[in-house]
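Chain residues, written in single-letter form:
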Amino acid sequence: MLELRSISKRFGGVIALDNISLKVDKELVGIVGPNGSGKTTLFNVITGHVKHDQGRLIFMGRDISRLSIGERVRIGILRTFQSPKVFWSLSVEDNIAPLTRNKAHVEEVLKMLDLWERRKAMPTRLGLSYVRRLEIARCLVLDPKLLLLDEPLAGLSSVEASELGSLIEEIHRKLGIGVIVIEHKISHLSSFAKRIIAMNSGRVVIDAPAEDAIRKVRDMLLSI
Amino acid sequence: MIEILLFSIITGLVYILMATGFNLILGVAKIVNLAYGAQILVTAYIAASLLPIFPLPIALAGAIAASIAVGAVIWMIMWVFRRDLILSIVASLAIALLIEGLILKIYGSRLLSLIIVTGEIWGISSQWVIAAAVSISSLGFYYLITKHTTLGKRMAAVAENEDLARYIGINVKLIGIASFLIASLLASIASIAITPLYAIYPHMGWYYLTLALAIVVIGGLGSTVGSVASSMVLAFAQNLASYYIGSPAKDLVPIIILVSTLMFRPEGILGRGVRWA
Amino acid sequence: MREYSRKDLVLFIVILTLILVLPLMTGSSYILILALLSYLFGVLVAIYDLFYVRTGYLNLGYTYIIASCGFAAAIAINRSTDMLWPLLAVSLAIALSLPMLIPALRLRGPFYSVSTLLFPFALPPIARLFPDVFGGDAGLYVKPVFEDFRVLYYSAISLGASVVALLMFIASTRLGIYFLMIRDDETLAESSGVRILRIKILLFLISVLMTVSVMFFYIQASGVVSVELSDPVPILIYTLMASAVYRPGSSLYSLISGIALWWLDGLMRAYIYDLRLIIASTLLLSVYLVKGVGIGVRAKIY
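(A) Representation of the overall build of chain A within the structure. The number of helices and strands found in chain A is 8 helices and 10 strands. For a compact globule of 224 residues, the expected C-alpha radius of gyration is about 17 Å, and chain A comes in at 17 Å, within 12% of that figure. The dimensions of chain A, computed from C-alpha atoms along their principal axes, are 50 × 40 × 30 Å. In chain A, buried positions account for 44% of the 224 residues.

(B) Local environment of the interface of chain A and chain C. Between chain A and chain C, the contact holds 20 residues from the first and 17 residues from the second. Of all elements in the fold, only helix H2 (69-74) and helix H5 (128-140) of chain A reach the threshold of two or more residues within the side of chain A that touches chain C. In terms of residues, the side of chain A that touches chain C owes the most to one element, H2(A), which gives 4 residues. Of the residues that constitute the side of chain A that touches chain C, the class distribution is 10 nonpolar, 5 polar and 5 charged.

(C) Region of the structure containing the confidence of the model for chain A. Within chain A, residue pLDDT values average 91, and 100% of them lie at 70 or more. Across chain A, the element-wise mean pLDDT spans from 83 in helix H8 (residues 210-222) of chain A up to 96 in strand S6 (residues 77-79) of chain A.

(D) Representation of the interface of chain C and chain B. Contacts between the two partners involve 38 residues from chain C, matched on the other side by 37 residues from chain B. Within the residue set of the side of chain C that touches chain B, elements represented by two or more residues are helix H5 (101-106), helix H6 (109-116), helix H7 (123-129), helix H11 (186-191), helix H13 (232-243) and helix H15 (276-295) of chain C. The leading source of residues in the side of chain C that touches chain B is H15(C), at 9 residues. Residues belonging to the side of chain C that touches chain B are distributed by class as follows: 26 nonpolar, 7 polar and 5 charged.

(E) Broad picture of the sheet that holds S6(A). All names here are of chain A. Pairing is mixed across the open sheet formed by 6 strands, whose spatial order is S6-S7-S8-S3-S9-S10. Where the open sheet ends on each side, the last strands, each with one partner, are S6 and strand S10 (203-209). Within the sheet, the average angular offset between the axes of one strand and its neighbour, ignoring direction, is 20°. Where strand S3 (residues 28-32) lies against strand S9 (residues 195-200), 4 bridges are found, and the strand directions are parallel. Across the sheet, Gly30 pairs through a bridge with Ile196, a residue of S9.

(F) Seen up close, the environment of A:Leu2. Residue and element names in this part refer to chain A. Relative to the helices and strands, Leu2 resides in strand S1 (residues 2-11). Each C-alpha atom, one on Leu2 and one on Lys23, is 5.7 Å from the other, the two residues being 21 residues apart in sequence. Among all residues touching Leu2, those that are not within four sequence positions of it are Lys23, Val24, Phe59, Leu146 and Gly178.

(G) Spotlight on unusual backbone geometry. At the junction of C:Val233 and C:Pro234, the peptide bond is cis and its omega measures out at 5° in the coordinates. By the element assignment, C:Pro234 lies in helix H13. Although it is not a glycine, A:Met60 sits at a positive phi angle of roughly 50°. Here A:Met60 is to be found in the loop between strand S4 (54-59) and strand S5 (62-63). Of note, A:Glu151 is a non-glycine position whose phi angle comes to about 50°, a positive value.

(H) Main features of the sheet that holds S4(A). Residues and elements named next belong to chain A. Read across the open sheet, the 4 strands follow the order S2-S1-S4-S5; overall the sheet is antiparallel. Only two strands of the sheet have a single neighbouring strand rather than two, namely strand S2 (14-24) and S5. Note: S1 against S2, 7 bridges, orientation antiparallel. Looking at the pairing, Lys9 lines up with Leu17 of S2. Contacts from helix H1 (residues 39-47) reach S1, S2 and S4, with the element oriented near 65° to S2.

(I) Helix H4 (residues 85-107) of chain B, seen in detail. Residues and elements named next belong to chain B. With 23 residues, H4 should cover 33 Å at 1.5 Å per step; its first-to-last C-alpha distance of 33 Å lies within 8% of that length. Most of H4 sits out of view: 17 of its 23 residues are buried. Backbone geometry just downstream of H4 places Gly108 in the positive-phi region, at approximately 80°.

(J) Just helix H14 (residues 250-271) of chain C, in detail. Residues and elements named next belong to chain C. Spanning 22 residues, H14 covers 31 Å between terminal C-alpha atoms, matching the ideal 32 Å at 1.5 Å per step. Restricting attention to buried positions, one finds in H14 the residues Ser250, Ser251, Leu252, Tyr253, Ser254, Leu255, Ser257, Gly258, Ile259, Leu261 and Trp262. Each element contacted by the buried residues of H14 is listed here: helix H1 (6-25), helix H2 (29-53), helix H9 (149-172) and H13.

(K) Up close: the pairing of S4(A). Residues and elements named next belong to chain A. The pairing of S1 with S4 spans 5 bridges and is classified as antiparallel. Within S4, the residue paired with Leu4 across the bridge is Leu57. With 2 bridges joining them, S4 and S5 adopt antiparallel strand pairing. Residue pairing across strands places Ile58 opposite Asp63, the latter belonging to S5. Where S4 folds back onto S5 in an antiparallel hairpin, the turn is made up of 2 residues, including Met60, whose phi is positive at roughly 50°.

(L) Just the nonpolar core, in detail. One finds B:Ala212 and C:Ala73 to be the most contacted residues of the largest nonpolar core, which totals 195 residues. In terms of residues, this core owes the most to one element, H2(C), which gives 16 residues. Ignoring sequence-local partners within four residues, the contact set of C:Ala73 consists of C:Ala89, C:Val212, C:Met215, C:Phe216 and C:Ile219. If you look at the next biggest cluster of nonpolar residues, it comprises 70 residues, including A:Val45, A:Ala97, A:Tyr130 and A:Leu164.

(M) Broad picture of the packing of H1(C) against H9(C). Residue and element names in this part refer to chain C. The N-to-C vectors of H1 and H9 enclose an angle of 175°; their axes lie 10 Å apart at closest approach. As judged from the angle between their axes, H1 and H9 are roughly antiparallel. Side by side, H1 and H9 meet where Leu16, Ile19, Leu20 and Pro23 of the first sit next to Arg150, Tyr153, Ile157 and Ala161 of the second. Tallied by class, the residues present in the contact of H1 with H9 amount to 7 nonpolar, no polar and 1 charged.

Conventions we followed
Residues numbered from 1 in each chain as written. Chains lettered and ligands numbered in written order. Predicted model: local features only at pLDDT ≥ 70, side-chain atom pairs only at ≥ 80, totals over all residues. Helix = DSSP H or I, 4+ residues; strand = E, 2+ residues; numbered from the N terminus. Rg over C-alpha atoms; globule rule 2.2 N^0.38 Å. Buried ≥ 20, exposed ≤ 12 C-beta atoms within 10 Å, placed from the backbone. Contact = placed C-beta atoms within 7 Å. Nonpolar A, V, L, I, M, F, W, Y, C, P; charged D, E, K, R; others polar. pLDDT = per-residue confidence, 0-100. Pairing = 2+ DSSP bridges. Axes fitted to C-alpha atoms, helices over the stretch in contact; angles between N-to-C directions. Expected span 1.5 Å × (residues − 1). Core = buried A, V, L, I, M, F, W, Y, C linked by C-beta atoms within 7 Å. Parallel < 35°, antiparallel > 145°, perpendicular 65-115°, else oblique.

Encoded structure:
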């Protein structure tokens, strides 16, 4: 579904992405890596927030390099951001409802993310866990084919993180869409990701099924 | 023709001075100070009132001190609002209008002229020479401060990344005040350099404000060199337009260049990155 | 119409009734003209509030659009010999205002606002360069279109009411919420599929169309149009103040505040002319200080 061919990006003297090639289908993939490894830049390139310098970006068979952010949203690439981003002055319901004409769909999405009871509340009154759910809800209501979640579990307690993790897996399973999750802690991903990619200094260093990947990462850390 | 060239260079230098002050507040304190033109206004009027009474150095010093004091007051009000962009814009606008209103009340609306020096030096009007000399030396001092003092380095740090600067122990609020006061100083010096060349009147704050704004936007955000370039471009374009078309054309130059720049090169002459989002 | 309570609609009807019966209460055409002008100013404020404050694209040069629309209407009325003059007025208004769309497409936030501030100051030089078209510093005399003042009065009131009703309607639609989304976080709005470019162009066209229709009546009532209309001082102060009363239902409250402030300005001009600017700017600062305290910290930073 999504294919990156030799994608590179530099910011001034810093190489953010170094000749990245990978393919993602309708799977649940996790991405880990230290700060500065290029994870968020990877997302930015896929969604169009940043233009890659070299390489080709293929989605559903077509090269989307020239598409604007809005156009990519309309073909089904949706994302959340590292710091919580919602429309703070609008209620939970109003954050989402205006984005689609399908009222039933809005209700369905809110219920799926346990936000239906809170739909009249203002996001400032929600705990972080529910703000994160709101972010995901916004993506879901736009019928994503590929969902990019940037550190959705960061800052949550272990219980909240585990709940949200299960929810993400459920979304992937029920909707049959591709989901890529960036996380800082590999332990967050181990419970639901089927495949894990590890990045470092703009390169992909590990790309394997979850269990193998976790073993390799552990070996890497122990060998330092 | 030589006169136009010379005048353009001198005006350009004063513009650079003005833009530098504005950019300083913008970069370090992250405040859009719409009362900047009013500060230029205050300096001119105070100088005009003090000159008949006091000797030149004292009168000028008084005018500059007044401008810095006004800057301090503006800063105090603006610091409260800096988290909300709309509020800070409106607040600085309100302050600018208040100052204009006070000047209008105290001095009336007739045109005044501010004469600092008369006569000629080497065949050029002395005021021009003073304007050039004062601009160059102020910019020189400013360059020394920013590149070679601790204050300068701290200001650069705060401008670059405020949270990080605070984290490493820099008193961001103090640096903010310092930048505001230095900017006020630059504005008042620019005022003394340029306002004697034209008549002064209460509404003129807007002329200098819009000029400073145009210079900054055209030159590109985050680029001091860009502001230098756009200052010069504007100064030359204005003087040429004034000479060949007429005085009203001069006032249209900034906005025509602004709109053209936005259409064809939105990041400015030498700007980098995305416009403020 | 989720944003408007029954109370607000009742208020609207009350005000409208008051304005409609005014000609029956007084024969003085002077008072009626003032009432009409203040009402139309209120409508302009309501337009400003929806399109240029609610979207977060704080336009500090709206007076440029006001004046351009005024001149467009005047030129169309004065020079046109056929019934197509409304079309001419609208085309001219859009053509003159078009440069103001450019900053909206290229800049955001404070840099958008400061760029718009330059526009009003461009109109006086333009008028001086083309005195035949714009009437120079003195301005243009406007040919009267209505023979009966009462016809002018009631048509103007109807148009104003329609505009305000339309504004209230837009605010309650999806488009109205898109405005709030753009104001809150344009990047997020863009990433949520909101068609930012289309909205900005639509916003521009609707606001110019509404402004030119209001200005048509405004210049008929005042009889003249000059570059003085483009001076941000004091009109900008009043539009900003009036729209500071923002809350759901704001178009209506903008209208009322606009009318009130117009009268306040008139009183100040008559009795304390030299303190006018001082009082107006202090009021503006106070209103926004109070509003600022009220807003507090809107978004929790995690």
